[in-house]
Amino acid sequence: MLPKSHFSLLSDWLNLLVEFQQIFTSNSDDIDQIFSQWQKIQNYLQTEIMTFEENNIDISVFSQWQSWQRETHRYGKLINTELLFWKSSVSPSTKQQRKESILQHLQGMIQLTINNQ
């Protein structure tokens, strides 16, 4: 989808997502670490992914890139909301449901990125 010169953008993004997935899966008790990694993802999304504009990409694939940006942003908002609910959940079953939802959205975001590399 992107020219080879821009593959590092998606590769770095994918690495951040996979790292977050590993942290969230293995260290669900370390809320500070989880939210610190999530903040890195949010920053990268806002500073690198969402600011990537048409003049940086071949016009023939720009609409695909925009669709990917929008879908990635949507997943980010869903995960952010679920993380806040997960953090504030008291019931173990609710916390587990939120965790599963976060991981499902995260996997969708990862797959979307893999499909567009």
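Everything that follows concerns the structure shown earlier in this document.
Okay, so let's go over this structure. (Residues numbered from 1 in each chain as written. Predicted model: local features only at pLDDT ≥ 70, side-chain atom pairs only at ≥ 80, totals over all residues. Heavy atoms only, no water.)

## Things to note about the overall build of the protein chain
Assigned secondary structure in the protein chain consists of four helices and zero strands. Order of helices (α) and strands (β) in the protein chain, N terminus to C terminus: α-α-α-α. When the 117 residues of the protein chain are sorted by exposure, 39% land in the buried category. Pairs at least 24 residues apart make up 70% of the contacts formed inside the protein chain by residues separated by at least 6 positions. Accessible area of the protein chain: about 6600 Å², with a carbon and sulfur share of 48%. (Helix = DSSP H or I, 4+ residues; strand = E, 2+ residues; numbered from the N terminus. Buried < 20%, exposed > 50% of the residue type's maximum accessible area, 1.4 Å probe, protein only. Contact = heavy atoms within 4.5 Å. Areas by Shrake-Rupley, 256 points an atom, 1.4 Å probe, with all protein chains shown as cover.)

## Observations concerning helix α2 (residues 31-49)
Spacing of three or four residues puts side chains on the same side of an α-helix, whose turn is 3.6 residues. Between its terminal C-alpha atoms α2 stretches 25 Å, which fits the 27 Å expected from 19 residues at 1.5 Å a residue. Among the residues of α2, those classed as buried are Ile34, Gln37, Trp38, Ile41, Gln42, Tyr44, Leu45 and Ile49. In a view along the axis of α2, the buried residues occupy a sector of 160°, so they form one face of it. In this structure, the buried side of α2 is in contact with α1 (7-26) and α3 (59-88). (Expected span 1.5 Å × (residues − 1). Arc of directions from axis to C-beta.)

## Here's the deal with the packing of α1 against α2
Closest axis-to-axis distance for the α1/α2 pair is 9 Å, and the angle between their directions is 160°. One element, α1, and the other, α2, form an angle in the roughly antiparallel class. Where α1 crosses over α2, the handedness of that crossing is left-handed. For the pair formed by α1 and α2, the contact residues are Ser8, Leu9, Asp12, Trp13, Leu16, Leu17, Glu19, Phe20, Ile23 and Phe24 on the first element and Gln33, Ile34, Gln37, Trp38, Lys40, Ile41, Tyr44, Leu45, Glu48 and Ile49 on the second. In terms of residue class, the contact of α1 with α2 is made up of 13 nonpolar, three polar and four charged. (Axes fitted to C-alpha atoms, helices over the stretch in contact; angles between N-to-C directions. Parallel < 35°, antiparallel > 145°, perpendicular 65-115°, else oblique. Left-handed = near helix turned anticlockwise from the far one by under 90°. Nonpolar A, V, L, I, M, F, W, Y, C, P; charged D, E, K, R; others polar.)

## Some points on the packing of α3 against helix α4 (residues 92-115)
In contact at an axis separation of 9 Å, α3 and α4 are set at 165° when each is read in the N-to-C sense. In terms of orientation, α3 lies roughly antiparallel with respect to α4. Along this stretch, α3 crosses α4, giving a crossing that reads as left-handed. Here α3 contributes Trp68, Glu71, Thr72, Tyr75, Gly76, Leu78, Ile79, Glu82, Leu83, Phe85, Trp86 and Lys87 to the contact with α4, which in turn contributes Lys95, Arg98, Lys99, Ser101, Ile102, His105, Leu106, Gly108, Met109, Leu112 and Thr113. Split into classes, the residues belonging to the contact of α3 with α4 amount to eleven nonpolar, six polar and six charged.

## Remarks on the packing of aromatic side chains
Considering all chains together, one arrives at five aromatic pairs under this definition. Taking 6.0 Å as the distance between ring centres and 15° as the angle between the ring planes, the aromatic pair formed by Trp13 and Tyr44 counts as stacked. Note that Trp13 is positioned in helix α1 and Tyr44 in helix α2, a separation of 31 residues in sequence. Seen from their ring centres, Phe20 and Phe24 are 5.8 Å apart, and the 15° between their planes marks the pair as stacked. Residue Phe20 and its partner Phe24 are located together in helix α1, separated by four residues, close to a single helical turn. (Phe/Tyr/Trp six-rings, centres within 6.5 Å; stacked < 30°, edge-to-face > 60°.)

Geometry only, nothing functional implied.
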